[in-house]
Amino acid sequence: AGRGGGAGRLGVVVAVAVLGLLSGSAMAVEVVNLPTPPPSGGPNNGGHFRFGTVSWNKLQHQPPKIRFTVEAAFRRTYAATNFRGSGVDGFLITGDTFKPSGLETIMFDFGDGSMLSPIQFTAQAYSMSEDWVQGVATFEHTYAALSSSTPFEYQAAFKGCCRLSELAANADTSWKLVSKLNVRDDDNSPRITLLPVQTVVRKMRPAGVEPSMYVPASDEIFGSTGLAPVSFTTVWEKAVDIGHAPVGLAMTVAPHNLANVLVHPHDGLVTVAAGPIFASDTTSVTTKCVAGTTTGPCAGLDGSNAGTLPGLDAGLYNVVLNLQQRSSSAPVEFMIRLVEEDVIPYPRVYAAPGLLYPAFSFARHVSYVGFPIEAFQISASSAIPGVNIGFTVGRLPGGFRLSTVAGGTAVMGSHCINGTAYCAESPTTACVSSSAGCTCAPAMTGLSCPGPDGAACLGNGVCKACWDMGTCPTSDGNLSFSWTPTAGQAGTHVVCVDATVQRPVHLCQGTSAGKPGCDLLSSPPACVSLEVYPDPAPRIWTTFADEVDPYSHTGVAYLGRTLSFTVMASDENCRDLAVISMGDMPPGASMEPQIQTVETVTATVTSYIGANTTSSVACAKQHRRFNWRIPLTHGGYKGEHCFYATDSCGEDDSCSAELQTSEVCVEFVVAKCRYAVAREQSIAEVAAHFGSDWIQVWNLNSLASPDYTLFQNQVLNIGHPYIVQVGDTILKLARRFGTTEKAILFLNYELGVLNSHNISVGQEICLVANSCFGEVQSVWDENPMVDESLDRWYAGVKTAYNALREAQNKRLAEGAGGGAGVARRLLSVGADEPMGSGEEG
């Protein structure tokens, strides 16, 4: 904030007229050109109520426990003792507490026979220039337990006396704001937020559009993911019972809403059908309309766009509305300052397209706890030269930051014109150059002067105000907003601003009527709705299901093939980056470095009035590749492995968001007795891995030829699955199938790696049998002959081999030629040589 520009000051002074609760502490901001507070007991100390709204939310269902929030604004300079505060002028400022009083007791009626009075408010915003202070009171009430014999619908009311004395209608009447509660079916009411006084500029000519404004409202309910639109029905309407005529003032007419105030039932657009200033659309016609005219061009336009409403004069009017949502409602009362611009133009506030309420989009209006909202700027301008621009800001959540930037470059204030060079010894004597007895000083033209307007300057110049010379600066200013919501601030927040302009006192010579702009002027307000969601946990998923077996889609992994898949993570909050990690990894597994890609996410959000807006947002997606070359000892491995995505924000004091972690778990299953062929592997190489031979592998896989060319990732059987029977032990199985205990342990993860010799009936294990050394008889043979087994096996092999040799020699003798390479090698083995003595075994 700055103080009014003195003579020669550059630029326009921009002041923040009101600050809400900033950083959780009370703050008063000096405002330029403050009006002198009215004396105690003076004419402005009558009715003092300006604004009020009631909202509630349910803390407990049975019995219903309700937290009420009452926001109300009163005349700041009201003379009552309990309106005194810690401001430099002795009145209330942000952070002060007070208990308002009036002609009638100010109270809250809970609707079940219970009352609360007095009500203690905490000041959260104030305006010295517009003379109001806004406070908030929060309290709880428990209703009767729900049952078939108890009510569940109530009408709570905030009421007292009296309304502002300066109102053109309903002055000094009592107020009553009724909130409907359905404590059984509803969890909360809507919430209405706006500045206590709304400036509305009356239309100039009959063909113009009647002025209108939105009343911002919000709801605290979020969808399951935060972005899901919440669907409910809202209905705006003008309240009927808004108070009574105080008996103590001998009044008999009860207050009522003006017919000229129209409200759209679905979006809260309030139209003030006041009628035009001038009676004709012809600009040369200066005949003004007479208030109260109900016909012709001077009447206000009703809901059917017919001119039937009585025209209004400029002045202060009150409006009381109800917003019905589901089965409950919230009331609001505020003042409309109806102004005319036929002589003095009022300031305006404006912002980038798509920012101001009711506009609502994911990119501009949504943030998350711990992450800054997108900074925005609201600007103000005035067609009146040489004025100071200030901003009035309503209640703000804790931590909001405001900064102002002045506009304009011209000289502010008064300066000298039409002067000449003069003798310093005799200021009224003109000169061209210095001479004896005359030190020639340069002309003061363009230099600042203290005034008043028309006063003499040295060198016979005249002191003139900047607006008389067209040298006043451009009257504009910018107010920038930034905010990082913290824990407990999730919800909807509405920020409302208007601009005020006023010339510095030293430039307002004469009466204000003769110097347009010396009176305080306020702009129509502008609001921004902000939605703050709890920071969501990151989302994590994998490509495991698609990549564990991309060829046969069996859902299991195989020995010999590297198990590889991608772990991915993202966050609904695009400004939060997830970090991917893994818990316990199997031996030999690794994760590649994390990489980040950016994708465009389309987010559609629904505003409170039901408008859908789609935004494109750049969001980061994290990728991390998992690789595991499965050891040959891990056939039959089963294990669940989990991957984690953790917020990168929330790990230290630099971010107030909560640290959250999400997980995804997958089960690794490695097939037993199965092997995936590597590139250019042969049957013999595969067999060698498991202490077997090519004949075993060939027989196990129904290959067309022992010279069959294997292809990469082909899955081969490398052993027999065997179901453990009663009486089996690893040693017995090794003897029976001609293998060793060590080989069985190697082929079965749960036995070898886990170092267990315990097997159970029904358990499946993998065996590579050796027919040369296994037992011939079955366990079901009644008379096993163990000692003769080898002889019986050898006799059978010898007979078979001789037959094979004779057949092959016959084909060779007949010129059949060729013969398989394997057959040739068989012929080279003597009939009496034991099998297995050669390389081929």
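Remember, predicted model here, so these are calculated numbers, not experimental data.

Criteria and cut-off values
Residues numbered from 1 in each chain as written. Predicted model: local features only at pLDDT ≥ 70, side-chain atom pairs only at ≥ 80, totals over all residues. Heavy atoms only, no water. Helix = DSSP H or I, 4+ residues; strand = E, 2+ residues; numbered from the N terminus. Buried < 20%, exposed > 50% of the residue type's maximum accessible area, 1.4 Å probe, protein only. Contact = heavy atoms within 4.5 Å. Areas by Shrake-Rupley, 256 points an atom, 1.4 Å probe, with all protein chains shown as cover. Disulfide = S-S within 2.5 Å. Phe/Tyr/Trp six-rings, centres within 6.5 Å; stacked < 30°, edge-to-face > 60°. Core = buried A, V, L, I, M, F, W, Y, C linked by side-chain atoms within 4.5 Å. Pairing = 2+ DSSP bridges. Salt bridge = Lys/Arg side-chain N within 4 Å of Asp/Glu carboxyl O. Polar contact = N/O pair within 3.5 Å; in protein donor to acceptor, adjacent residues only side chain to side chain. pLDDT = per-residue confidence, 0-100.

1. What to know about the overall build of the protein
Counting its regular elements, the protein contains ten helices and 48 strands. Here the protein holds 841 residues, and 49% of them are scored as buried. Partitioning the intrachain contacts of the protein with sequence separation of at least 6 by distance along the chain shows that 71% fall at a separation of at least 24. When the accessible area of the protein is evaluated, it comes to approximately 37,400 Å², of which 53% is carbon and sulfur surface.

2. Notes on the state of the cysteines
Within this structure, the stated rule accounts for ten disulfides. A sulfur-sulfur separation of 1.8 Å characterises the disulfide bridge that pairs C161 with C162. Sign of the S-S torsion, about 75° for the bond between C161 and C162, identifies this disulfide as right-handed. The pair C161 / C162 is uniform in exposure class, with both members buried.

3. Structural notes on the packing of aromatic side chains
The relative placement of two aromatic rings is captured by the distance of their centres and the angle of their planes. Summed over all chains, the structure comprises 38 aromatic pairs. For the ring pair F108 and F139, a centre distance of 5.0 Å and an interplane angle of 70° mean the geometry is edge-to-face. Of this pair, F108 sits in strand 5 (residues 104–109) while F139 sits in strand 8 (residues 132–142), and the two are 31 residues apart along the sequence. Residue F108 is classed as buried on the basis of its relative accessible area, which comes to 0%. When the ring of Y143 is compared with that of Y154, the centres are 4.3 Å apart and the planes differ by 35°; the resulting orientation is tilted. Here Y143, found in the loop between strand 8 and strand 9 (153–161), pairs with Y154, found in strand 9; they are eleven residues apart in sequence, far enough to count as distant. With respect to burial, Y143 and Y154 carry one shared label: buried. Cluster of aromatic residues (ring-pair linked, three or more members): F49, F74, Y78, F83, F98, F121, F158 and W175.

4. Structural notes on the environment of I119
With respect to the element layout, I119 can be found in the loop between strand 6 (115–116) and strand 7 (121–127). C-alpha separation for the pair I119 and P100, spaced 19 residues apart in sequence, amounts to 7.3 Å. For I119, the contacting residues outside a window of four places in its chain are F98, K99, P100, M107, F108, A137, F139 and F158.

5. So, the nonpolar core
When a protein is soluble and globular, its nonpolar side chains tend to lie buried together. In this structure, L563, F565, F626, W628, F643, F668 and I718 are the most contacted members of the largest nonpolar core, which totals 41 residues. Broken down by element, this core gets its largest block of residues, six residues, from strand 45 (residues 661–676). Those residues within four positions of F643 in sequence are excluded, and the remaining contacts are I540, F565, V567, S581, M582, M591, F626, S662, E663, V664 and V666. One finds A169, A217, V261 and C527 within the second-largest nonpolar core, a separate group that totals 39 residues.

6. A look at the sheet that holds strand 31 (residues 456–457)
Read across the sheet, three strands follow the order 27-32-31 without closing on themselves; strand pairing throughout is antiparallel. Single-partner strands in this sheet number two, and they are strand 27 (414–417) and strand 31. Here strand 27 runs beside strand 32 (residues 461–465); their pairing, made up of four bridges, is antiparallel. Residue S414 lies in a different strand from strand 32, and its bridge partner there is A465.

7. Concerning the side chain of T69
Mapped onto the elements of the fold, T69 is located in strand 3 (residues 65–75). Ignoring sequence-local partners within four residues, the contact set of T69 consists of T53, V54, S55, V136, A137 and T138.

8. Here we look at the pattern of salt bridges
Counted under the stated rule, the structure contains 20 salt bridges. Across the pair R67 and E140 runs a salt bridge whose closest N-O atoms are separated by 3.2 Å. Taken as a pair, R67 in strand 3 and E140 in strand 8 lie far apart in primary sequence, 73 residues in all. In this structure, R364 engages E374 in a salt bridge whose closest nitrogen and oxygen atoms are separated by 3.3 Å. One end of the pair, R364, is in helix 1 (residues 362–365); the other, E374, is in the loop between strand 23 (366–368) and strand 24 (376–382), with ten residues separating them in the sequence. Residue class for E374 comes out partly exposed when judged on its relative accessible area of 39%. Three or more residues joined by partner-sharing salt bridges are found here, namely K65, R67 and E140.

9. Looking at the side chain of S361
Among the structural elements, S361 can be located in the loop between strand 22 (348–351) and helix 1. In terms of polar contacts, S361 uses its side chain to reach the backbone amide nitrogen of R364, at 3.2 Å. Those residues in contact with S361 that lie beyond four places of it in its chain are V366, V605, T613 and S615.

10. Some details on the sheet that holds strand 29 (residues 426–430)
Strand order across the open sheet formed by three strands is 29-28-30, with antiparallel pairing between neighbours. Each of the sheet's edge strands pairs with one partner strand only, and the pair in question is strand 29 and strand 30 (440–441). Summarising the sheet, strand 28 (residues 422–423) and strand 30 pair through two bridges and their orientation is antiparallel. Counterpart to C423 in the pairing with strand 30 is C440.

11. Some details on unusual backbone geometry
For the bond running from Q62 to P63, omega is -10°, close enough to zero to count as cis. Inspection of the secondary structure puts P63 in the loop between strand 2 (49–60) and strand 3. Between Y357 and the following residue, P358, the backbone shows a cis peptide bond with an omega angle of 15°. At D131, a residue that is not glycine, the phi angle is positive and equals roughly 60°.

12. Examining the pairing of strand 25 (residues 388–393)
The element strand 25 is extensively covered by neighbouring structure, given that six of its six residues are classed as buried. Of the two faces of strand 25, the one holding N388, G390 and T392 and the one holding I389, F391 and V393 are both buried throughout. Sheet analysis places strand 25 next to strand 34 (residues 491–502), joined by six bridges and oriented antiparallel. Its bridge partner being in strand 34, T392 is matched across the sheet by D498.

13. Topic: the environment of T53
With respect to the helices and strands, the residue T53 is situated in strand 2. Residue class for T53 comes out buried when judged on its relative accessible area of 3%. Distance from T53 to T69, taken between C-alpha atoms, is 8.3 Å for residues 16 residues apart in sequence. When neighbours within four sequence positions are excluded, T53 is seen to be in contact with T69, V70, E71, L177, I192, P331 and V332.

14. Some details on the confidence of the model for the protein
For the protein, per-residue confidence averages 81 on the pLDDT scale, and residues scoring 70 or more make up 81% of the total. In this model, residues 509–514 is a region of pLDDT below 50 whose contacts with residues beyond four sequence positions or in other chains number five contacts. Note that residues 817–841 has pLDDT below 50 and, in this model, 32 contacts with residues that lie over four places away or in other chains.

15. Looking at the pairing of strand 43 (residues 612–629)
Across nine bridges, the pairing between strand 39 (residues 562–570) and strand 43 is antiparallel. Looking at strand 43, one finds that L563 is bridged to W628. Looking at chain direction, strand 42 (residues 595–606) and strand 43 are connected through twelve bridges and run antiparallel. From the neighbouring strand, T597 faces strand 43, where its bridge partner is K621. The antiparallel hairpin formed by strand 42 and strand 43 contains five residues in its connecting segment, where G610 sits at a positive phi of about 90°.

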